[in-house]
Structures are given as structure tokens and as C-alpha cells.
Amino acid sequence: MREVRTQVAIVGAGPAGLLLGHMLHLEGIDNVVLEHRNREYVEKRVRAGVIEFGIANLLEEVGAGERMRREGLVHHGIELRYDNQVHRIPLSELADGRAYTVYGQQEVVKDLIDLRLAQGGPLYFDAEVTSIEDVNTKTPYVDATNAGEALRVRADFIAGCDGSFGASNRAIPSDVLRRYERVYPFSWLGILAEAPPATEELIYGRHEEGFVLYSMRSPTLSRLYLGVRPDDTLEQWSDDRIWSELAVRLSTDEGSKVNRGPIIDRGITAMRSIVVEPMRYGRLFLAGDAAHIVPPTGAKGMNLALADVRVLTEALRAFYSKRDERLLDAYSATCLERVWRAEEFSNYMTQMLHPNYDDGFENGVQHARLRQATQSREAATVLSRNYVDLNTL
Ligand code: RFL
Ligand code: PHB
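Residues numbered from 1 in each chain as written. Chains lettered and ligands numbered in written order. Predicted model: local features only at pLDDT ≥ 70, side-chain atom pairs only at ≥ 80, totals over all residues. Heavy atoms only, no water.

Caption draft 1: The side chain of H75, seen in detail. Turning to its location among the elements, H75 is positioned in strand β5 (residues 73-75). Here the side chain of H75 touches E200 through a polar contact of 3.2 Å, landing on its backbone oxygen. Leaving out residues up to four positions away in the same chain, H75 has contacts with S92, A99, Y100, V102, E200, E201, L202 and M216. (Helix = DSSP H or I, 4+ residues; strand = E, 2+ residues; numbered from the N terminus. Polar contact = N/O pair within 3.5 Å; in protein donor to acceptor, adjacent residues only side chain to side chain. Contact = heavy atoms within 4.5 Å.)

Here's what the structure looks like:
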């Protein structure tokens, strides 16, 4: 078995693991990143698209935001559509001028991988971590299978950035770990299409047929989502059915405008909320989806993951520069306060925008919420602050 020694072993090369590796490198803290999949796979995985104001600043401050600033689309509002009416929420106006950036998660991942490799930082692809051991000692380690060979990485700390199905949250004993979960009775069918978006800003719509979201990646690439039944499969959704359903759900009294084009990626995602507590066990620290999942309606998942990394980097810096463990001890509580705020907001957006096919009471409440969000400046202000900058508020 090959053995490697480092200061921090990072499990997972999603946005959380990659940013952590980079930020620790800037602090002079040695680290190794282990990723189960290959490079092409992680760079092609289409997911989030919305970067909060403070998180975009963070990426820029650490030297990972150059292409995002050049190619990302800066947006100042969103549209809420219901009952065939258009309502714009002027986010920037209501949130002290702050805006959000539309820039694909896989672009963030590509930028961070490029940085890592340019700096010569150890990043193992095809390295599945199979166990995390001795986290209650000062010399924890992870075992991985790297391209068929056994690899052991010994470290001072382990960062579990391996998503909700990874190995790290399973390494916390069941009598310590608490897991809170909500499963929603719908999923999202998402497509990426080679078509210029027919909208300047993101549109979130509640239609009697279901949820709809019109987003984008660039002036020539559209990203759209439909709320579907949880047992729906891609086979049931032909291109024609997808486009006509999008047109129906996006229609307003003035008509409907959706630009069609070849669909180059598609997928169905279940909608869940999960929080795992605590986010630290001994010398194992969880960050990102490994500790929490939000339904994508609030566009918070990647932002939360990157904000955890900011907190963890600061805590590890205090440890290595001053042997001060207070921030490490506070890590879980510090993060969870913000995580629950994001859970609340994502749950609010989800519950407001997904019609419930057979619950008239719920539908009445949803309409009341939508009217409040679009007619009350106070309610719109809360929504705006949460949407553009929840993780830095
Ligand atoms: P990731 O990105 O899942 O990365 C985890 C990495 O760990 C690897 N891994 C392992 N590696 C080694 N050993 C093991 N045993 C391993 N097990 C797993 C995996 O291969 C992977 O590379 O987690 P991370 O870094 O915490 O990042 C979280 C985000 O990916 C996620 O929260 C967002 O994508 C959520 N999300 C959105 N977030 C936003 O902030 N804004 C959005 O607009 C937004 N839209 C979305 C979304 C997620 C979506 N889906 C598909 C779930 C839209 C959708 C449709
Ligand atoms: C996206 O562009 O993929 C996107 C935008 C907003 C969301 C979720 C996903 O709430």
C-alpha cells in the first residue's frame, strides 16, 4: 500500500473540496485532494448556476474568480410568475445594491482544477475513499482505492467534502450523528439547451401544471427546469413534451416566449432537505453537501458549500498559525446557524412555487405567500437579501 502524509486530507473534488484545497494552499497548509471520479466527469457535471454576491467576492479574493468576472452574467433581479402575471423583484434595489452572478458550477470546478494543477497541488482523480479512521486521535487517515491500487493518506485533519452519498458523514457514529430530512413530493427535470435565453433575468414560475424555472448559462445557452412527479423518468419526457410544457408553464397574458434549441444535457433530480449535526467529529470536519442538502429552488447549495469552506479555512489557519483551537471547536455551531437559515429560505421558496395537485388549503397558502412576496416591500426585501447574499449577511 502506498502512503502519503499531509496536513489536511480532503475527500471530494466538488466546489467545496477544491476551494478548500486552494485556500489552504494560499495559507501554506499542505493538503491532498482525493476524488472518486475522473476529471472529465467532474468538469462536465451540470448543476448549480447562481453565485451569491459575497461568494463571488470570495472567489475573486482568492484568485479563482477571473473567468467568472469576465464571463459570468451579473443579474439585479428575478421574476416571479403566477396566475399568468409577471412580477419582478428588484433584488439589488432591495439588497443594498448587491447582485448575483450566473456562472455554471462546472465552470467554477474547471477554474479551481486548473489553479490546483498549475500550482502543482496533489489532486488524485479515480481515488475513492473507502474508509476514514482514527478521527479521535491526532493522526487520522483515509484509505482509498486509486486506479485499482490501495492508497493511505495520513493527516492532522480530514475534511469531508464528498457530498451526501460520500464516505465522510458515514464515518460519524450513529449515536453521535443526528440527521434531519424532508423529502418533497416532486422532482426537477433540468435541461441545458443550445438556445439564446428569451429572458434577461431568471424566471421562477408557479403554474397549475407545476413549477417552472427559466435560467441560463450564457447568451447562447439556456438552462430550464420543470417540476415533475417524483417517479417520472426521462423516457416519459420527449423533447417535444418538454418544450411544450415549458411554453405552457411560462405563458402569461401577453403570450409565451421560450427559445428552443438542441438539448445537450438533461437530468431528473429529487428534491430533499437534509441537515446532519454535528458537522465535526473529532478531527473530521464536514463541509458542503456532505453535511446538508437544500432543494435547488433557493439556489443555495453551492453557495453554502463554499461558505463552509471559508469558515473551515479560517479555523485551520488559527490552528496552524497560533495553535488556537477555538475556531475549530466552534466550526459546527458557526456553520449550522447559517445552514438552517439557508434551509428555511430554500424550504420557503420550494413551498411557495410548487403547486400541490390535491391540497386546496396548501395552494391557498402558496398564493398568499406569492402575493406577499410581490406586493409587500418588506417581504420582498427579506427575499432579496436571502437570495443575493444569505451566506454573507
Ligand atoms: P459535490 O459537488 O457533490 O462534490 C462532492 C465530490 O465528492 C466526490 N466523492 C468522493 N470522492 C472520494 N471518495 C468518495 N468516497 C467520494 N464520494 C463522493 C464526488 O464524486 C464529488 O465530486 O459537493 P460539494 O462540493 O459540497 O458542492 C455542493 C454542490 O455541488 C451542490 O450543493 C449544488 O450543486 C446544489 N445546486 C445549486 N446550488 C447553488 O448554490 N445554486 C444553484 O443554482 C444550484 N442549483 C444544484 C442546483 C443542484 C442540482 N442538482 C443536480 C442536485 C441545481 C441542481 C439541478
Ligand atoms: C440554474 O441556473 O441551474 C439554477 C438557477 C436557479 C436555481 C436553481 C438552478 O434556483
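Caption draft 2: Just the nonpolar core, in detail. If you look at the biggest cluster of nonpolar residues, it comprises 110 residues, and the most contacted ones within it are I78, Y204 and Y387. Counting residues per element, this core draws most heavily on helix α8 (residues 301-322), at 11 residues. Of the residues that make up this core, three or more belong to each of domain 1 (2-74 + 100-181 + 272-349) and domain 2 (184-270 + 355-392). When near neighbours in sequence (up to four residues on either side) are disregarded, I78 contacts H87, R88, I89, L91, Y100, E201, L202, Y204, L383 and Y387. L189, A193, I203 and L246 belong to the second largest nonpolar core, which has 16 residues in total. (Core = buried A, V, L, I, M, F, W, Y, C linked by side-chain atoms within 4.5 Å. Buried < 20%, exposed > 50% of the residue type's maximum accessible area, 1.4 Å probe, protein only. Domains from an automatic or database assignment.)

Caption draft 3: A look at the site of ligand 2. Taken together, 14 residues are adjacent to ligand 2, and Y204, S215, R217, Y225 and P296 come closest. Y225 places a side-chain nitrogen or oxygen 2.6 Å from an oxygen atom of ligand 2. At a separation of 3.5 Å, an oxygen atom of ligand 2 approaches a polar backbone atom of T297. Protein chains shield 97% of the accessible area of ligand 2, which is 280 Å² for the free molecule. Looking at the shell around ligand 2, the elements that each hand over two or more residues are β15 (202-207), β16 (210-218) and β17 (221-228). Element by element, the count of residues in the shell around ligand 2 is highest for β16, at three residues. Looking at the shell around ligand 2 residue by residue, the classes come out as eight nonpolar, three polar and three charged. There are two domains that each give the shell around ligand 2 at least three residues, and those are domain 1 (2-74 + 100-181 + 272-349) and domain 2 (184-270 + 355-392). (Near = heavy atom within 4 Å. Areas by Shrake-Rupley, 256 points an atom, 1.4 Å probe, with all protein chains shown as cover. Nonpolar A, V, L, I, M, F, W, Y, C, P; charged D, E, K, R; others polar.)

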